[in-house]
Amino acid sequence: QESVLKHIYPLSIIPRCSKEPEGPKALRYSHGSMPVLAAASAAAAAGAGGTLFQYNRENYLYDRKMRQETEYQIMDFRIKQAELWREDVRDIIGLTSVKMDTYLIVNAVQLGFTVMAFCEGRLASGTPTWLVGCHTLSLAGAFMYLLMSVWFSMHASITAKSYETRLLTQLVRLPVPSWTQLEGARTYGSTFEKTKTNQMFRVPFVMGTQQQVLGETATSAEEGRGSGEGGEGGQAGSADLWGLEGRGEGIYELDGSIRTNPDELRHLTLIKEVMKYWQSYDGFARVAMSMGTNQLILGLSYYVIGYVLISNKAIMACWLVVLLFMVIATALIRLDMSLTGLEFRAAVVLVSAGPALTAFAAQQWRLHTVKGYELVHLLAPLPYAAEAAWLMLLLYISKVGEQEGGAMLPTGFRSVMYIDVFGWIKRARAKEHSESPISVQVRLPSEIAEEEEAGEEVLGEAVPGKGPAMAAVNYEGCFVKGPKATRPEQLPGASKPAPEHLATKEMFDPTTFVPREKDGQKANHEEDIHPYLKPGLVPWRIFCSATSLLLILWWISGVLILLQASGWSALRVSPLLRDSEEGPQPIEQGAAFLLELESKSSEFEPLLGEQIDTSWPPGALPRRLACAPDGSNVMLAAASRFGLFQAELMQRKSVGANNTSTAFRSAAFNYAPACDALEGEALQDVAVACRGKCALVLHRQGQRLTNCALTQKPTEQTAAMSLS
């Protein structure tokens, strides 16, 4: 005390204690100095207390100011982190839109090629029907798969964008602070008066550190609450030296532990849940596009065989182009699919077998030999069987399996892996199916109601001087109060994230995008949606059904070709010998002569034809017929797609069982003399001229007319054979 008083009072009024006074004077002197000493001690204590109060108050205000800046930074960081998560939603779902747009462009171009092949790329008339069947079925399969891919792509793009909008507008929101949080982050200077005495007048280095003082305060507060309330101390989890700030490790946006495992992030969990509604469409759109391209390549191969080999007789060019197309088909299988060695070899053999067998059969058909015809009979059905076997193998090597979310994905296609940006398919393990597949914490409605009521209680009552900033500095206890750690996010009225109880199956049901309830009646989604109509299952069922249908068509066509090669003629078209009563009515411009006949006779006799027996070289398939008188005889000329025939109409008689003779006419067609101008040309029409001595043949797509002689003796040539 003496050392302190020396700095405060002059030395003249400080009593000397070096020599003790004696006697009554000394007693009087001692009694007179006591008030002075008491006043001096009080003044010294007041000065020291004021200094300590001011020191601790400045520390308190500085810490609270730093705390306010930190809280505002936390709010800013939370918003930035949530923005990154929203970008994740846009990037992950936007990948689907980008892929679908690419698929749509490629499919549209290939669909145009397919339609042009149907219309402009028709095989010439006279092409064997077994080749026409392969070409037509391949183009039909290409059109089916490409149209399916377009539809799947469109559906996947629209679905992904719809769910992206729902996630961004309802579940993955920015944690923008409310007024309560902003106000709760500030601190009034008068709140220092609520602190404990040992914190308010802490002597540096003498009473220990602030942490030690806070620990003593927490212990005394716990003892006081234990005798009064029996509660637990809130400052035990405080993050500051005053016991007023709660710890922020539990803030979701700032929790560093969940960033190491993307599966635990809430927005990625939600994306994983909604991806099943378009993931299957995405995968099968790629598979359908790949198969459509494969069928288009096969169709072009068959067209090259029909046009280059049969029409133009370019055998080597045909084989080279077919080989090139098969290399392209093999490369696409290698690029698009992930197969074992055996599966890849089997796929290559089945894809290449169809065009290879067809090209060999067409080559034998062009040789016009008996052995060649026999080989054609054997080889013609084999391409159909090979194509059907390839489609059956496709359903197997696609390796379609159900994923965790319920989506059916063709994991055999390597391109499908681009759907799973996090590798969930590869790391998927067998898990038990639970009612709520979304691993997010769900709050009970009672807890939400209690928080809302508490928020209304604080915000609804406009009590002067009682705001969020005052509520943020809180002390609890009855006899001995201690600080209670709080955070602005915990104050009533603070902004809350999207209610996690909304993340349910019903919310992600595709039917919820269209209002279905009427008159307050809620539909039962589990009963309305059948298992075969679930989003993850629909594309697979459509793809499997379409492939199975195409497979069956290949098998049926192959069986019909086999029956026709064996001599079955049930599907042949019989020639028309008389007018059909249900035929088309004559047009007015060409019916003038009928009106004249009607004035002479009210009834018409049907137009009758005379049946003439004909004989043809083996396998001849005439398309055009012409005649002209040659003296007393009639000269006939016929043309097939690639051959010219001639015959003379002969009058013959046959004797019956009763020795009755019947006259009939017949014609024996043979090959006409060779005409160099028609070599390798497709014939369109024929006419007989020069009194039956020559034939005018139209060819070169109707651009050239050639005069060929018919007067020479018919030659015996081996005719081309057609399985039609």
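In what follows, the structure referred to is the one given above.
Residues numbered from 1 in each chain as written. Predicted model: local features only at pLDDT ≥ 70, side-chain atom pairs only at ≥ 80, totals over all residues. Heavy atoms only, no water.

(A) Up close: the pattern of salt bridges. With the rule as written, the count across this model stands at eight salt bridges. One salt bridge in this structure joins K99 and D282, with 2.9 Å as the shortest N-O distance. Note that K99 is positioned in helix α2 (residues 23–119) and D282 in helix α8 (residues 279–311), a separation of 183 residues in sequence. Each member of the pair, K99 as well as D282, carries the same accessibility label: buried. K399 serves as the salt-bridge partner of E343, at 3.5 Å between the closest nitrogen and oxygen. With E343 in helix α10 (residues 341–367) and K399 in the loop between α12 (382–397) and β1 (400–402), the pair connects residues that are 56 residues apart, well separated along the chain. (Salt bridge = Lys/Arg side-chain N within 4 Å of Asp/Glu carboxyl O. Helix = DSSP H or I, 4+ residues; strand = E, 2+ residues; numbered from the N terminus. Buried < 20%, exposed > 50% of the residue type's maximum accessible area, 1.4 Å probe, protein only.)

(B) Inspection of the environment of L300 at higher detail. Relative to the helices and strands, L300 resides in helix α8. Spatially, the C-alpha atoms of L300 and H135 are 7.7 Å apart, while their sequence positions differ by 165 residues.

(C) Quick look at helix α7 (residues 266–274). Extensive coverage of α7 is indicated by the burial of eight of its nine residues. Considered for burial, the residues of α7 that qualify are R266, H267, L268, T269, L270, I271, E273 and V274.

(D) Focus on the packing of aromatic side chains. For the coordinates displayed, the defined rule picks out 14 aromatic pairs. Ring centres of F645 and Y671 lie 4.8 Å apart, and the angle between their planes is 40 degrees; this geometry places the pair in the tilted category. Within this pair, whereas F645 is found in strand β8 (residues 644–655), its partner Y671 is found in strand β10 (residues 670–671), the two being separated by 26 residues in sequence. Judged by relative accessible area, F645 falls into the buried class, the value being 1%. Here Y671 falls in the buried class, since its relative accessible area comes to 14%. Ring pairing ties together the aromatic residues F53, Y60, F192 and F201, which thus form one cluster. When the ring centre of F642 is taken as reference, the NZ or CZ atom of R366 above it lies at 5.5 Å. (Phe/Tyr/Trp six-rings, centres within 6.5 Å; stacked < 30°, edge-to-face > 60°. Lys NZ or Arg CZ within 6 Å of the ring centre and 35° of its normal.)

(E) Broad picture of the nonpolar core. By size, the foremost hydrophobic cluster in this structure holds 82 residues, and its most contacted members are W130, W390 and F543. Among the elements that line this core, the one with the most residues is α8, at 15 residues. If sequence neighbours within four positions are ignored, F543 has contacts with Y145, M148, F284, V287, A288, M291, L394 and L395. With 16 residues, the next largest nonpolar core counts A626, A672, L678 and V697 among its residues. (Core = buried A, V, L, I, M, F, W, Y, C linked by side-chain atoms within 4.5 Å. Contact = heavy atoms within 4.5 Å.)

(F) Just the pairing of strand β12 (residues 694–699), in detail. Bridge count between strand β11 (residues 683–689) and β12: six bridges; the pairing is antiparallel. Residue V688 lies in a different strand from β12, and its bridge partner there is A695. Linking β11 back to β12 in an antiparallel pair, the connection comprises four residues, with C690 at a positive phi of about 60 degrees. Two elements, β12 and strand β13 (residues 704–709), share six bridges in a ladder whose sense is antiparallel. Looking across to β13, one finds that V697 is bridged to T706. In this antiparallel pair of consecutive strands, β12 and β13, the connection spans four residues, and R700 shows a positive phi of 55 degrees. (Pairing = 2+ DSSP bridges.)

(G) Summary view of the packing of helix α3 (residues 129–171) against α12. The geometry of α3 relative to α12 is characterised by a closest axis approach of 10 Å and an angle of 20 degrees between their N-to-C directions. On the basis of their axis angle, the class for α3 and α12 is roughly parallel. Counted together, T129, W130, G133, C134, L137 and Y145 of α3 and P383, Y384, L391 and L394 of α12 form the full contact between these two elements. Each residue belonging to the contact of α3 with α12 can be placed in one class, and the counts come to eight nonpolar, two polar and no charged. (Axes fitted to C-alpha atoms, helices over the stretch in contact; angles between N-to-C directions. Parallel < 35°, antiparallel > 145°, perpendicular 65-115°, else oblique. Nonpolar A, V, L, I, M, F, W, Y, C, P; charged D, E, K, R; others polar.)

(H) Structural view of the state of the cysteines. In the structure shown here, the tally under the stated rule is two disulfides. Between the sulfur atoms of C675 and its disulfide partner C708 the distance amounts to 2.4 Å. Across the S-S bond linking C675 and C708, the dihedral sits near -70 degrees, which makes this disulfide left-handed. Separated by 33 residues along the polypeptide, C675 in the loop between β10 and β11 and C708 in strand β13 bring together distant segments of the chain. Here the two residues C675 and C708 agree in accessibility, since each one is buried. If one numbers only the bonded cysteines of the protein, in the order they occur, the disulfide pattern is 1-4, 2-3. (Disulfide = S-S within 2.5 Å.)

(I) Broad picture of the side chain of S290. Relative to the helices and strands, S290 resides in helix α8. The contact partners of S290, leaving out residues within four places of it in the chain, are D336 and F413.

(J) Focus on the side chain of T293. For T293, the location among the structural elements is in helix α8. With relative accessibility at 17%, the residue T293 sits in the buried group. Of note is the side chain of T293, whose polar atom sits 2.8 Å from the side chain of Q110. If sequence neighbours within four positions are ignored, T293 has contacts with Q110, L146 and L332. (Polar contact = N/O pair within 3.5 Å; in protein donor to acceptor, adjacent residues only side chain to side chain.)

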